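Tertiary structure, described
One letter stands for each residue in the lines below.
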Amino acid sequence: MLFGVTKQRVLGIDIAMAIASTAGRPISVVVPVYNSESILPALIQRLEPALAALAPQYEVLLVNDGSRDQSWEAIQDLARSFPWVRGINLMRNYGQHNALLCGIRAARFEILVTMDDDLQHPPEEIHKLTAKLAEGFEVVYGYPEHERHGFLRNIASVMTKLALQRSMGADTARHVSAFRAFRTQARDAFANYHSPFVSIDVVLTWATTRFVAIQVRHDPRRSGISNYTFRMLFRHAMNMMTGFSILPLQLANLLGFLCTAFGGCILAYVVGRYLLYGTTVPGFPFLASIISIFSGAQLLALGIIGEYLARMHFRMMERPTYTVREQITSRAEVKT
């Protein structure tokens, strides 16, 4: 099934089946961290048994995305206490998807899972995602039946997913979430991607079309409030539309065409009225038609030029996607 969405709730999946399907396939878990020092210990404590039941080897990469609290210090403590925890500290706040890309590139194992740092994505649900991977899918999303957000946040989420659906060109975009699992080899498709505007879900479509989404449990946030506001989600949607889609330029083309057509209709009306009746409204109709024609032609020309500039823009951006300040790896490289 290509770009399929499994909407029914996944119930009755025996964890032993998931263990068998991932036997011998190590797992890397990437978690972008922002102002979550109080949640991280609980996250690691719940990840340990969940991962130990699924894979003989595993690692957790905590990517500190310019947190303003003591999150990096908490990551260092966890890395010293748990041999399978690795920490990456970015120079500043680059955004969730940029931090994810950093962790994805640093991951060392065959299966890669991404999740938020607030425990809204239960570690105990990871086995459902990996079980779906075993069925032949390349990317599996775990989406909640009911998201626990406010009204404005829900509106912003809908806008973001509509923009994402346009950029991805897949129905699965309606159920995209930060709780995802995919085969690490998919990152080869965007190994040379260096744009500062990142959408992990879009670049994954460069690697595969075998997507699926399943329902998973969605827990309340353990503490604090979400760092994703309406304004941030709206900006993310705009970045996706302008960074991964030429739809705005196509709309400019359409607007130019409509203005030109409208001006042509006005001119035809003015000329026809003159030929039939010998009179017309002095001055204004003809002037309005000429202005509309030339304005539409200008927008059309700018839209066409913009199509080419957009393609150059995608290739020539040199701003860094992220910059790593330091990394920390504890006593052992991996958990065995």
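Residues numbered from 1 in each chain as written. Predicted model: local features only at pLDDT ≥ 70, side-chain atom pairs only at ≥ 80, totals over all residues. Heavy atoms only, no water.

1. Digging into the overall build of the chain
What counts, and what does not: Under the DSSP-based scheme used, a helix requires at least four consecutive residues in state H or I and a strand at least two consecutive residues in state E, with every element numbered from the N terminus. Throughout, exposure labels follow a simple rule: accessible area from a 1.4 Å probe, protein chains only, divided by the maximum for the residue type, with under 20% read as buried, over 50% as exposed, and the rest as partly exposed. Residue contacts are defined here by distance: any two heavy atoms, one from each residue, within 4.5 Å place the two residues in contact. Under the convention used here, a 1.4 Å probe and the Shrake-Rupley method define accessible areas, while residue burial counts only the protein chains that appear.
When you go through the chain residue by residue, the secondary structure sums to 10 helices and eight strands. Evaluated residue by residue, the chain yields a buried proportion of 49% over its 336 residues. Intrachain contacts of the chain at a sequence separation of at least 6 include 86% that bridge at least 24 residues. Surface exposure of the chain reaches about 16,500 Å², of which carbon and sulfur atoms provide 61%.

2. A short note on helix H2 (residues 40-52)
Rules: To estimate the expected span of a helix, count its residues, drop one, and scale the result by 1.5 Å.
Across its 13 residues, H2 extends 18 Å between first and last C-alpha, which sits within 8% of the 18 Å expected from 1.5 Å per residue. Looking only at H2, the buried set comprises Leu 40, Ala 42, Leu 43, Ile 44, Leu 47, Ala 50 and Leu 51. Packed against the buried residues of H2 are strand S1 (27-33), strand S2 (58-64), helix H3 (71-81), strand S3 (85-90) and helix H5 (126-133).

3. Examining the side chain of Asp 117
The line we're drawing: Polar contacts, as counted here, are pairs of nitrogen or oxygen atoms within 3.5 Å of one another; within protein the pair requires one atom able to donate a hydrogen and one able to accept it, and residues that are adjacent in sequence qualify only if both atoms are side-chain atoms.
Topologically, Asp 117 is positioned in the loop between strand S4 (111-114) and H5. One polar contact links Asp 117 to Ser 36, side chain to side chain, over a distance of 2.5 Å. For Asp 117, the contacting residues outside a window of four places in its chain are Val 31, Pro 32, Val 33, Tyr 34, Ser 36, Ile 39 and Leu 43.

4. Comments concerning the packing of aromatic side chains
Here is the rule we go by: The criterion for an aromatic pair is that two Phe, Tyr or Trp rings (for Trp, the six-membered ring) have centres within 6.5 Å, with stacked assigned to planes under 30 degrees apart, edge-to-face to planes over 60 apart and tilted to the rest.
Evaluated as defined, the whole model comprises four aromatic pairs. Consider the rings of Tyr 141 and Phe 211, whose centres lie 6.2 Å apart with planes at 15 degrees: the pair is stacked. Remark: Phe 211 occurs in strand S7 (residues 211-215) and Tyr 141 occurs in strand S5 (residues 139-143); sequence separation between them is 70 residues. Of the two residues, Tyr 141 and Phe 211, both sit in the buried class. Ring pairing ties together the aromatic residues Tyr 58, Phe 82 and Trp 84, which thus form one cluster.

5. A word on the confidence of the model for the chain
Basically, it comes down to this: Residue-level confidence of the predictor is summarised by pLDDT, bounded by 0 at the bottom and 100 at the top.
In this model, the chain carries a mean pLDDT of 77, and residues with pLDDT of at least 70 account for 71%. Note that residues 332-336 has pLDDT below 50 and, in this model, 13 contacts with residues that lie over four places away or in other chains.

6. Structural notes on the sheet that holds strand S8 (residues 324-329)
Put simply, the rule is: The criterion for strand pairing is that DSSP finds at least two bridges linking the strands in question. Angles here are taken between N-to-C directions and fall from 0 to 180 degrees, while the axes themselves are lines fitted to C-alpha atoms, restricted in helices to the stretch in contact.
With mixed pairing, the eight strands of this open sheet are ordered in space as S7-S5-S6-S4-S1-S2-S3-S8. Each edge of the sheet is formed by a strand with only one pairing partner; in this case those strands are S7 and S8. For this sheet, the mean inter-axis angle between neighbouring strands, taken without regard to orientation, is 20 degrees. In the sheet, S3 pairs with S8 via five bridges, with the strands oriented antiparallel. Across the sheet, Ile 88 pairs through a bridge with Gln 327, a residue of S8. Contacting S1, S2 and S3, H2 crosses the sheet at an angle of about 155 degrees to S2.

7. Focus: the environment of Glu 37
Assignment of secondary structure puts Glu 37 in the loop between S1 and H2. Separated by 37 residues in sequence, Glu 37 and Ala 74 place their C-alpha atoms 5.8 Å apart. Ignoring sequence-local partners within four residues, the contact set of Glu 37 consists of Asp 69, Gln 70, Ser 71 and Ala 74.

8. Description of the pattern of salt bridges
Put simply, the rule is: Any Lys or Arg side-chain nitrogen located within 4 Å of an Asp or Glu carboxyl oxygen qualifies as a salt bridge.
Applying the stated criterion across every chain yields a total of 13 salt bridges. Here Glu 124 makes a salt bridge to Arg 217, at a shortest N to O gap of 3.8 Å. On the criterion of sequence distance, the pair formed by Glu 124 in the loop between S4 and H5 and Arg 217 in the loop between S7 and helix H8 (230-243) is long-range, its members being 93 residues apart. By relative accessible area, which is 38% here, Arg 217 ends up partly exposed. Here Lys 132 and Glu 135 are joined by a salt bridge, their closest N and O atoms 3.1 Å apart. Looking at Glu 135, the relative accessible area reads 51%, which means it is exposed. It is possible to trace a salt-bridge network through shared partners that takes in Arg 46, Glu 124, Glu 125, Lys 128, Arg 217 and Asp 219.

9. Focus: the pairing of strand S6 (residues 180-183)
Burial along S6 is two-sided: the face carrying Arg 180 and Phe 182 and the face carrying Ala 181 and Arg 183 are both buried. Judged from the four bridges that link them, S4 and S6 form a sheet pairing that is antiparallel. Residue Thr 114 lies in a different strand from S6, and its bridge partner there is Arg 180. In this sheet, S6 lies alongside S5 in antiparallel orientation, the contact comprising three bridges. Residue pairing in the sheet places Tyr 141 in a bridge with Arg 180 of S6.

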